[in-house]
Amino acid sequence: MRKNLLLITILIYGSFLFSQDPEILFNQANDRMKKGELEQADSLLKESLKIDPSFAPAHIGFSELWLRKGDLVKANESATKAVQMDEEFRSWWNGLNDIRTRIQNGKRNVQQGQFDVAMQEYQAIVDKFPYFPEAQFYMGLTKFRQKDIEGAAFYFSEALKIYPGHQK
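What comes next concerns the included structure. (Residues numbered from 1 in each chain as written. Predicted model: local features only at pLDDT ≥ 70, side-chain atom pairs only at ≥ 80, totals over all residues. Heavy atoms only, no water.)

### Thoughts on the environment of D42
Spelled out, the test is: Helix and strand assignments follow DSSP, with helices taken as H or I runs no shorter than four residues and strands as E runs no shorter than two, numbered in order from the N terminus. For every residue, the accessible area obtained with a 1.4 Å probe (protein chains only) is divided by the maximum for its type, and the residue is called buried under 20%, exposed over 50%, and partly exposed between those limits.
Among the secondary structure elements, D42 is positioned in helix 3 (residues 38–51). Looking at D42, the relative accessible area reads 12%, which means it is buried. The spacing of D42 and F26 is 16 residues in sequence and 9.9 Å in space, taken between C-alpha atoms.

This is the structure:
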């Protein structure tokens, strides 16, 4: 009797999972990301792509997930896939390019000793993408170059608050 009940439960749950709409899974993944539950969001996005590999919003979801983990390269790769499937997502892709440009500008400004200008570049990223830990990390590096160890520690800790698994 227990085996039959278990089998029925598995069949019902399995059919529910496979009959899921990728849009519902995508929305659930977004909710998980907002709560900082990135691994659960990752699983939900993968499930949505199993159902429909051409579901462009899931690729945008992965792009945001990578951005939350501080990996701009992978975020851009996922955004590029989405744009190839649907031009509607071009503005997200452009936003990622803006991040890259601001980071490059910030690095150049730091090299030239224009620390305040660099911090403005990084702050513009934080304002638009507050969940991107790399902006806080670069702010920490800027403070470190200014020999402001307390300021650097503050921004490095902010990066870790955003994403505790931050590698740098």
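Don't stop here, the text continues.
### Here we look at unusual backbone geometry
A positive phi angle is found at K147, which is not glycine, with a value near 65°. Along the chain, K147 turns up in the loop between helix 8 (133–145) and helix 9 (149–162). K147 gets classed as exposed once you look at its relative accessible area, which sits at 71%.

### Details of helix 2 (residues 22–34)
Our working definition: How far a helix is expected to stretch is found by multiplying one less than its residue total by 1.5 Å. Along the arc lie the directions from the helix axis toward the C-beta atoms. Working rule for contacts: check all heavy atoms of both residues, and any pair within 4.5 Å makes them a contact. Pairs of N or O atoms within 3.5 Å make up the polar contacts considered here, provided that, within protein, one atom can donate a hydrogen while the other can accept it, and that residues adjacent in sequence are counted only when both atoms are side-chain atoms.
An ideal rise of 1.5 Å per residue puts 18 Å on 13 residues; helix 2 measures up with 18 Å between its terminal C-alpha atoms. Listing the buried residues of helix 2 in full gives P22, L25, F26, A29, N30 and M33. Projected onto a plane normal to the axis of helix 2, the buried residues spread over an arc of 145° and lie on a single side. Looking at the buried side of helix 2, the elements it contacts are helix 3 and helix 4 (56–68). Of the residues that open helix 2, the one with a side-chain oxygen 2.9 Å from the backbone nitrogen of E23 is D21. A positive backbone phi angle near 85° is found at G36, which sits one or two residues after helix 2.

### Re the pattern of salt bridges
Selection criterion: A pair is scored as a salt bridge if a Lys or Arg side-chain nitrogen falls within 4 Å of a carboxyl oxygen belonging to Asp or Glu.
In the structure shown here, the tally under the stated rule is nine salt bridges. With its nearest N and O atoms 3.2 Å apart, the salt bridge here joins E37 to R32. Across the pair E64 and R68 runs a salt bridge whose closest N-O atoms are separated by 2.9 Å. With a gap of four residues between them, E64 and R68 both fall in helix 4, about one helical turn apart. Like E64, the residue R68 is buried in the burial classification. What you see here is one network of salt bridges that share partners, running through D98, R102 and E121.

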